[in-house]
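Working through the structure, step by step
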Amino acid sequence: MPIQAKYVHTNLVARDWRSLAAFYQRVFGCVPVPPERDFQGDLLEAGTGIPGAHLTGMHLRLPGWGDAGPTLEIFHYDPLIDAAETSVNRPGFGHIAFEVPDVRAARETVLEEGGRSVGEVVTLLVADGRRVTWCYVRDPEGNLLELQSWGSPQG
């Protein structure tokens, strides 16, 4: 029997959490959920397993789900360790997806706001006859995003 659960948030660890949060607010209309976070001390060290841990950041309400919907949690940690850039085919968490009315226009907005392209905009036919138009892009810190739009077989 599965545990009783409710999806709450996805976390991004940022080099500059304020700048990254501003990107998600401008581009996708995410809304801040106060208060900002600023934690350090023995309990944070115990919870994270990181000696001397200090985190700052905020939650952003994701679009399309109302006031009680899930959030994007953007944190910065001290100390922060560097990591290799993620790839679309790397095992583990891969990307965050946003449904948009126009994938090409959304892609251009992401690029204009400091994001980067990963691949081209493509449309695939799903087994049920619908079409999904999508692409991968990166936010300004290199995190993978999927932009997608669904249509009918004629769309």
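This section reports on the structure supplied with the text. (Residues numbered from 1 in each chain as written. Predicted model: local features only at pLDDT ≥ 70, side-chain atom pairs only at ≥ 80, totals over all residues. Heavy atoms only, no water.)

**Quick notes on the pattern of salt bridges**
What counts, and what does not: In what follows, salt bridge is the name for a side-chain nitrogen of Lys or Arg lying within 4 Å of a carboxyl oxygen of Asp or Glu. Each helix corresponds to a stretch of at least 4 residues labelled H or I by DSSP, and each strand to a stretch of at least 2 residues labelled E; elements are numbered beginning at the N terminus.
Per the stated rule, a full pass over the model turns up seven salt bridges. The salt bridge involving E36 is made with R18; its shortest N-O contact spans 3.1 Å. You can see E36 sitting in strand β2 (residues 31-40) and its partner R18 sitting in helix α1 (residues 17-28), a full 18 residues away along the chain. Residue R116 is joined to E85 by a salt bridge in which the shortest nitrogen-to-oxygen separation is 2.5 Å. With R116 in strand β6 (residues 116-117) and E85 in the loop between β4 (71-78) and β5 (96-99), this residue pair connects regions lying 31 residues apart in the sequence. Look at the salt bridges and you will find they share partners, linking E85, R116 and R138 into a network.

**Points about the environment of H54**
Basically, it comes down to this: The criterion used for residue contact is that any of the two residues' heavy atoms lie within 4.5 Å.
By secondary structure assignment, the location of H54 is in strand β3 (residues 54-61). Among all residues touching H54, those that are not within four sequence positions of it are D38, F39, Q40, L44, H76, Y77 and D78.

**With respect to the nonpolar core**
Let me state the cut-off plainly: By nonpolar core we mean a set of buried residues, namely Ala, Val, Leu, Ile, Met, Phe, Trp, Tyr and Cys, connected to one another through side-chain atoms within 4.5 Å. When accessible area is computed with a 1.4 Å probe and restricted to protein chains, residues below 20% of their type maximum are described as buried, those above 50% as exposed, and intermediate ones as partly exposed.
If you look at the biggest cluster of nonpolar residues, it comprises 26 residues, and the most contacted ones within it are Y24, F28, I74, F98, L145 and L147. When residues in this core are grouped by element, the largest group, seven residues, is from α1. Core analysis: the next-biggest nonpolar cluster, separate from the first, contains five residues, L44, A53, F75 and Y77 among them.

**A short note on the sheet that holds β4**
To keep things clear, this is the line we draw: Pairing between two strands requires that DSSP report at least two bridges joining them. Helix axes are fitted to C-alpha atoms over the stretch in contact, other axes to C-alpha atoms as well, and angles between N-to-C directions run from 0 to 180 degrees.
In space, the four strands of this open sheet follow the order β1-β4-β3-β2, with mixed pairing throughout. The open sheet terminates on both sides in strands that have one partner only, identified here as β1 (9-13) and β2. The sheet shows a mean angle of 20° between the axes of neighbouring strands, direction not considered.

**A look at the layout of surface pockets**
Selection criterion: Lining residues are defined by having an atom within 4 Å of a point belonging to a cavity or pocket. Those points lie on a 1 Å grid over the protein atoms alone, cavities being sets where a 1.4 Å probe fits but cannot get out and pockets being open sets with protein on both sides within 12 Å along at least five of seven lines. Grid points are joined across faces, edges and corners, and a volume is the space filled by probe spheres set on the points. Residue type decides the class: Asp, Glu, Lys and Arg count as charged, Ala, Val, Leu, Ile, Met, Phe, Trp, Tyr, Cys and Pro as nonpolar, and the leftover types, Gly among them, as polar.
Taken as a whole, the largest pocket encloses approximately 800 Å³ of empty space. When residues of the lining of the largest pocket are assigned to their parent elements, the largest contribution, five residues, is made by β1. Split by residue class, the lining of the largest pocket holds 11 nonpolar, eight polar and five charged. For the second largest pocket, the calculated volume is near 250 Å³. For the second largest pocket, the lining is made up of 13 residues, of which L62, W65, I96, A97 and F98 are closest to its centre. A total of four residues in the lining of the second largest pocket trace back to one element, the largest contributor, which is β5. In terms of residue class, the lining of the second largest pocket is made up of 10 nonpolar, two polar and one charged.

**So, the side chain of H59**
What counts is decided by this rule: As used in this structure description, the phrase polar contact means that two N or O atoms lie within 3.5 Å; if the pair is within protein, one of them must be able to donate a hydrogen and the other to accept it, and residues adjacent in sequence are counted only when both atoms belong to side chains.
Residue placement: H59 occurs in strand β3. One polar contact links H59 to T71, side chain to side chain, over a distance of 2.7 Å.

Taken by themselves, the reported measurements are silent on function.
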